[in-house]
Amino acid sequence: MRRYHHPLSVRTMLLTMVLGLLLFPGPGLAMEKASIVLHWLPQAQFAGHYMAKDMGFYEEEGIDLTILPGGPDILASEWLEVGKADFATMFLSTGLLKRSSLPVINIGQFVQHSALMLITKTDAGITSLKDLENKKVGIWANEFQIQPRALFKRLGISITVVPQSSSLDLFLRDGVMATSGMWYNEYHLLLSYGLDQEELRPFFFRDTDLNFPEDGIYTLEKTADLKPDLCRAITAATIRGWEYAFDHPEEALDSVMKRMIKEKIPANRAHQKWMLDRMQDIIMPDEGTQIGVLRQDDFERVSSILMEAGFLEQAPMFPEFYRGPVR
Amino acid sequence: MSKRHGIAFKLAAFILSCAFVILVVIVGYNYNYSRDIILRQAEESSRNLARDTTGRIDSVLITVQKVADNIAFSLEDATLSKEEILELNKRVLANNPEIYGMAIAFEPYFLEHDQLFFAPYYYRSGGRIAFNMLGGPNYRYFYMDWYQIPKELERPVWTEPYNDEGGGDVLMATYSVPFFRTVDGKKVFAGVVTADVSLDWLEDMLEEIRIYDSGFAFLLSRHGTFIAHPDRNLIINQTIFTLAEELDSPELRSIGQKMLAGESAFVPVDNVFDDTERYLFYTGLKYGGWSLGVIFPKDEMLAEVRKLSKVTTLIGIAGFIVLAMLIIFIARKITNPLHKLSGAALEIASGNLDLKLPEINSRDEVGDLANSFGVMRTSLKDYIENLTSTTAAKERIESELRIARDIQMGILPKLFPAFPERPEFDVFASIEPAKEVGGDLYDFFFVDDDHFCFLIGDVSGKGVPAAFFMAVTKTLLKVVSEKGLDPGDIITKVNSDLAAENESCMFVTLFLAIMNINTGETRYANAGHNPPVYMPCGGKPEWIPPLGEPVAGVMEGMEYTTKTMTMHPGDVMFIYTDGVSEAMNPENELYSDERLMDILTAMDKPFAPELVKEIDDSIKVFTRGAEQSDDITMLAMQFCGKCDK
């Protein structure tokens, strides 16, 4: 097992930093500037990145990393393509699909389980997904529609797709029978709108064979070729960031809340706490899971489903696509 | 033993404890009742406050709704040109100052077949009306809530309030109305009209609602998001449910669900926000699906009640003290004369009947007691005076009787040994007079040189008559005896003399014996007297059998016989009156002849003077100081000569 870091106390880290500054006069002289664009607005989904930044893990790796917040109007892959960012976070499916038009590679796979789900209200009487036949279902655009579409295709039912906005208002008002949601986000949002868990009937994609690994760090092939150390360092620091976040959830929440407030987006701690807990569930689904690794079988399963569903004509080879840590 | 408490103490203790209980009950009831009143009033006023507030908010919302509804209605007219639509939009905004911005957004390619987006938006900016055409690759409005929800639901909606970044971070809410047009004979969805309202005034309005010091009002959106709250951090950021989650309060969550359901209630919310107790009134608004909550801090609501209770308690305590002082004063007023009377009673008891009684003028039971006490003292004084004179008279008589008694006793021979020069016999007698003058008599004397006469008698009755009768009897006996007659003749003679003048029918029992002191021959006669005891020297004592002859002094002409017996040297004859055998102990038991005989039998070598003393001692032991009712008279005659044994 390769280790990217040694556990250091904060004091030692600070000492190291101070020594570093003394030995290399001129701040940032030895630092390599880099940027990463996240695929959504600041939230606990990215707590590992924020902690790595706030705790100086990136700097320790010699990176002066700028974290760029994403959002509904930002396509991370576009930013990679046009050079607005050196790195981007994306779903595995997104990365695979982009690969056909843009040479992106995965340098670290963080979310191992799919958090995507379809949520219905218990009183709507949807007991199986087949009951959604000819019903309005809120489905997000872009990569979020891959799994649902593949699912309904497999089930052989047709549904009425209602493009889902960033809010759950339509679902709450019964404008759609089912809504897409992320376990760490929308599911809890519904709870925070006063719906009880008993009032909701969730269908998890992770319980089907459409269990797609999600968030991973991507970069362009040329960046990976030119700066392999930088890529490795980014992933290593992010892994440390996640480990730190899971060990210090309150600090991590502080860090997340700070960024949300800065971006002026609705921020509440209870929701972010739920999200952080769920991130731990899907980043470290089992006790011994090593953070940041993409497993080949996961990769191949996703590729074949994408091809089967017609989203992808040809899948890349695993070693070409993945240059992250291995077990 | 319990401690002694005075009347004042008892009175004060009982009344004050009673008063204390009453005080506690009054204060408690008063507190509870006032609290209920305050709570009812609070509920009522919160209802009014909420109704007033929701009314004001609703009136703004309905105004906006009406405008947007009207525009939507006019947009169903398919003949409107693009220019007319823009003009309409602009004019509406200009004429409706409460509307912040208005958009008229069409379905893709609806108005112009080559135009994906058509959504003019007029809004206020820096005091002027600005214009913007919405839509573009980065703003696909079809997927915005304000467009999508009314489209899917086919009815007007209020969107969830949001912070409008373009408008300078103003809290906004949008009312969206779908409008429809008829295309190919079918009614199809054509687009929506939106009216944005700034909710700034909302916060100001709610902030004006100051309930006591720390009470406040808050407003929730349809989905529980805070639209207005004194803590601005909660606005938009939190729903009541996330707040409940942070506060770990299932109670608040449940309240939130009821609020969103549009219910209305006045409920206590203790320890939800912090550890103070509060009340919450909530009610739903007519429009927008919003609900209003008003928080009342219980402490502050009840501050007046607490103050009232405090004052009531203070008044109560003051009253309590006054009452205590009054009771002690009254009790003292009652007990002081009693104390004085009690002291006077003690003084009177010690004999001071001339004591001046304490001055007690109260016209009540104590006064009556003092009067009665005075009367009692006077009566007592009179009675004692009476008693004193009576006693004096009685004492004089008693003194005379005593003298008579002394004289009576004086005539009995008292000097022992009576005849020391005569060794042939020994005689000893004693008389123990009872308190009253009695009628016992004894005597002994020589008839001639060889014959010695001894006698004992008991006159019936008591008092002076008995004493006289006894004196007469004794004198007669002595005179008659000296004539040398036999004892029977002596008694016969004395009897007839006594009976001759005996109108009061008094009588006397008599035993009279005459002993030849040389031979011991003894002749005797007995007139109804107890049988004497003959105690032969060394032998067993025995009764000298009675002769069955009656008492003397009653029957004139009665003849008495004489018996003869012989006493041997050492023999003793013991004669006595019934004062001996009928002596009584405190249990009223008689000394009895048997006891007398037993004691005499137990005597070893009797000697006359000692014998009498011994019997006398045994009587005293037996009676144990009980009052003597009769004279106790004894006489022992011992013949000496020469005792053979």
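Given the structure is predicted, the values throughout are model-derived calculations rather than measurements.

> I tried to follow the overall build of chain B on my own but got confused; where do I start?
Looking only at helices and strands, one finds 14 helices and 22 strands in chain B. Counting over 645 residues, chain B shows a buried share of 34%. Pairs at least 24 apart in sequence give 65% of the contacts found in chain B among residues at least 6 apart.

> Any chance you could explain the overall build of chain A here in plain terms?
Scanning chain A from terminus to terminus reveals 14 helices and ten strands. Counting every position in chain A, which comprises 327 residues, the buried fraction comes to 50%. Relative to all contacts within chain A whose residues are 6 or more apart in sequence, the contacts with residues 24 or more apart total 82%.

> Would you explain the pairing of strand β12 (residues 291-297) of chain B in this entry?
One face of the sheet, then the other: side chains in a regular strand alternate in exactly this way. All names here are of chain B. Judged by how many residues are buried, β12 sits mostly within the fold: six of seven residues are covered. In this sheet, β12 lies alongside strand β8 (residues 216-220) in antiparallel orientation, the contact comprising five bridges. Within the sheet, the bridge partner assigned to Phe-218 lies in β12 and is Gly-293. By the bridge criterion, seven bridges tie strand β11 (residues 277-284) to β12 in an arrangement that is antiparallel. When the sheet's bridge partners are listed, Tyr-279 is paired in β12 with Phe-296. What sits between the antiparallel neighbours β11 and β12 is a turn of six residues, in which Gly-288 has the positive phi angle 80°.

> It is not clear to me how the interface of chain A and chain B should be interpreted in this structure. Could you clarify?
Interface size is commonly expressed as the accessible area that is lost once the parts come together. Counting residues at the interface gives 21 residues for chain A and 25 residues for chain B. Mapped onto the side of chain A that touches chain B, the elements with two or more residues apiece are β7 (160-163), α7 (169-172), α8 (186-192) and α12 (269-283) of chain A. Residues belonging to the side of chain A that touches chain B are distributed by class as follows: nine nonpolar, seven polar and five charged.

> Help me understand the sheet that holds strand β22 (residues 632-639) of chain B in this model?
Backbone-to-backbone hydrogen bonds join strands into a sheet, with any given pair of strands oriented parallel or antiparallel. All names here are of chain B. Read from one edge of the open sheet, five strands run β13-β22-β21-β18-β19, paired in antiparallel fashion. Pairing within the sheet leaves two strands with one partner each, and these edge strands are β13 (425-432) and β19 (542-543). Packing of helix α14 (residues 608-623) onto the sheet brings it into contact with β13, β21 (572-576) and β22, and relative to β22 it is tilted by some 150°.

> Explain the packing of helix α2 (residues 47-54) of chain A against helix α10 (residues 228-247) of chain A here, please?
Think of two packed helices as two axes; the pair is described by the angle between the axes and how far apart they sit. Residue and element names in this part refer to chain A. Taken N-terminus to C-terminus, the directions of α2 and α10 make an angle of 100°; their axes are 7 Å apart at the nearest point. Classified by the angle between their axes, α2 and α10 sit roughly perpendicular to one another. Taking contact as the criterion, the partners of Ala-47, Gly-48, His-49, Met-51 and Ala-52 in α2 are, on α10, Ala-237, Thr-238, Arg-240, Gly-241, Trp-242, Tyr-244 and Ala-245. The residue makeup of the contact of α2 with α10, split by class, is seven nonpolar, four polar and one charged.

> Help me understand helix α3 (residues 145-153) of chain B, please; the structure alone is not making it clear to me.
Given 3.6 residues to a turn, an α-helix orients residues that are three or four positions apart in the same direction. When you tally the buried positions in α3(B), you get seven out of nine residues, the bulk of the element. Of all the positions in α3(B), only Asp145(B), Trp146(B), Tyr147(B), Gln148(B), Ile149(B), Pro150(B) and Lys151(B) are classed as buried. Summarising the contacts, the buried residues of α3(B) are in contact with α7 of chain A together with β1 (101-106), β4 (157-158), β6 (170-183) and β7 (186-198) of chain B. Positive backbone phi, approximately 55°, marks Glu154(B), located one or two places after α3(B).

> Before we go on, may I ask you to explain the sheet that holds strand β14 (residues 440-446) of chain B in this structure?
All names here are of chain B. Taken in spatial order, the five strands line up as β14-β15-β16-β17-β20 in an open sheet, and their pairing is antiparallel. Of all the strands in the sheet, the pair left with one neighbour each is β14 and β20 (563-566). Looking at each pair of strands side by side, their axes are set apart by 15° on average, direction ignored. Two elements, strand β16 (residues 508-516) and strand β17 (residues 521-527), share five bridges in a ladder whose sense is antiparallel. Residue pairing for β17: Leu-512 is matched across the bridge by Ala-525.

> Explanation requested: the pairing of β7(A) in the structure shown.
All names here are of chain A. Note: strand β6 (residues 136-139) against β7, four bridges, orientation parallel. Residue pairing across strands places Gly-138 opposite Val-162, the latter belonging to β7. On the question of chirality, the crossover connecting β6 to the parallel β7 by way of helix α6 (residues 146-155) is right-handed.

> How should unusual backbone geometry be read in this particular structure?
Across residues other than glycine, the phi torsion is negative in most instances, and most of the peptide bonds are trans. Residue and element names in this part refer to chain B. The residue after Phe-416, namely Pro-417, is reached through a cis peptide bond having omega -10°. With respect to the helices, strands and loops of the structure, Pro-417 is situated in the loop between α9 (365-410) and β13. Phi angles above zero are rare outside glycine, and Glu-154 is one such case at about 55°. Relative to the elements of secondary structure, Glu-154 occurs in the loop between α3 and β4. For Glu-154, a count of 10 C-beta atoms within 10 Å corresponds to the exposed category. Even without a glycine there, the phi angle at Ile-236 is positive, about 70°.

> In this structure, what is going on with the nonpolar core? I would like to understand it.
One recurring pattern in soluble globular proteins: nonpolar side chains tend to sit buried together. Counting 175 residues, the largest nonpolar core has Ala47(A), Ala88(A) and Ile227(B) as the members making the most contacts within it. Not counting residues within four places of it along the chain, the set of residues in contact with Ala88(A) comprises Ile36(A), Val37(A), His39(A), Ala76(A), Ser77(A), Trp79(A), Leu80(A) and Tyr218(A). Core analysis: the second largest hydrophobic core is formed by 64 residues, Leu455(B), Phe511(B), Ala513(B) and Leu635(B) among them.

> Got a minute to help me understand the environment of Asp486(B) in this structure?
Residues and elements named next belong to chain B. When you line up the elements, Asp-486 lands in the loop between α10 (463-481) and α11 (487-500). For Asp-486 and Tyr-524, which are 38 residues apart along the polypeptide, the C-alpha to C-alpha distance reads 8.0 Å. Ignoring any residue separated from it by four or fewer positions in sequence, one finds Asp-486 in contact with Arg-523 and Thr-562.

> I would appreciate a short explanation of the confidence of the model for chain B in the present structure.
Low-pLDDT portions of the prediction should not be read for the details of their coordinates. Mean pLDDT over chain B stands at 87; residues scoring 70 or higher make up 98%. When mean pLDDT is compared element by element in chain B, β4(B) scores highest at 94, while strand β5 (residues 162-164) of chain B scores lowest at 79.

> In this structure, what is going on with the confidence of the model for chain A? I would like to understand it.
All names here are of chain A. Across chain A, the average pLDDT comes to 88, with 91% of residues at 70 or higher. Counting contacts from residues 1-10, a segment whose pLDDT is below 50, to residues more than four positions away or on other chains yields six contacts. Overall, residues 20-29 carries pLDDT values under 50, and its contacts beyond four positions in sequence, including any with other chains, amount to four contacts.

> Would you explain α11(B) in this entry?
All names here are of chain B. The end-to-end C-alpha separation of α11 is 20 Å, in line with the 20 Å expected for 14 residues at 1.5 Å each. Here α11 has its buried residues at Pro-487, Gly-488, Ile-490, Ile-491, Thr-492, Val-494, Asn-495 and Leu-498. Residues of α11 that are buried in the fold lie against α10, β16 and β17.

> I keep staring at the environment of Ala466(B) and nothing clicks. Help me out?
Residue and element names in this part refer to chain B. One can find Ala-466 in helix α10. Here the alpha-carbon distance between Ala-466 and Met-506, two residues 40 residues apart in the chain, equals 7.8 Å. If we ignore the near neighbours within four places in the chain, the residues touching Ala-466 are Val-437, Gly-438, Gly-439, Val-459 and Gly-461.

> Would you take a moment to explain the packing of α2(A) against helix α11 (residues 249-262) of chain A for this structure?
Residue and element names in this part refer to chain A. Running from N to C, α2 and α11 cross one another at 95°; their axes reach a closest spacing of 9 Å. Considering their axes alone, α2 and α11 lie roughly perpendicular with respect to each other. Where α2 approaches α11, its residues Ala-47, Tyr-50, Met-51 and Asp-54 are matched on the opposing element by Ala-252, Ser-255, Val-256 and Arg-259. Here the residues of the contact of α2 with α11 are counted per class, giving five nonpolar, one polar and two charged.

> In this structure, what is going on with the environment of Ala418(B)? I would like to understand it.
Residues and elements named next belong to chain B. Structurally, the position occupied by Ala-418 is in the loop between α9 and β13. Classification of Ala-418 as partly exposed rests on a count of 17 C-beta atoms within 10 Å. Filtering out sequence-adjacent residues up to four positions away, Ala-418 remains in contact with Pro-413, Val-427 and Phe-444.

The rules behind the values
Residues numbered from 1 in each chain as written. Chains lettered and ligands numbered in written order. Predicted model: local features only at pLDDT ≥ 70, side-chain atom pairs only at ≥ 80, totals over all residues. Helix = DSSP H or I, 4+ residues; strand = E, 2+ residues; numbered from the N terminus. Buried ≥ 20, exposed ≤ 12 C-beta atoms within 10 Å, placed from the backbone. Contact = placed C-beta atoms within 7 Å. Pairing = 2+ DSSP bridges. Nonpolar A, V, L, I, M, F, W, Y, C, P; charged D, E, K, R; others polar. Axes fitted to C-alpha atoms, helices over the stretch in contact; angles between N-to-C directions. Parallel < 35°, antiparallel > 145°, perpendicular 65-115°, else oblique. Right-handed = clockwise from strand over helix to strand, strands pointing away. Core = buried A, V, L, I, M, F, W, Y, C linked by C-beta atoms within 7 Å. pLDDT = per-residue confidence, 0-100. Expected span 1.5 Å × (residues − 1).

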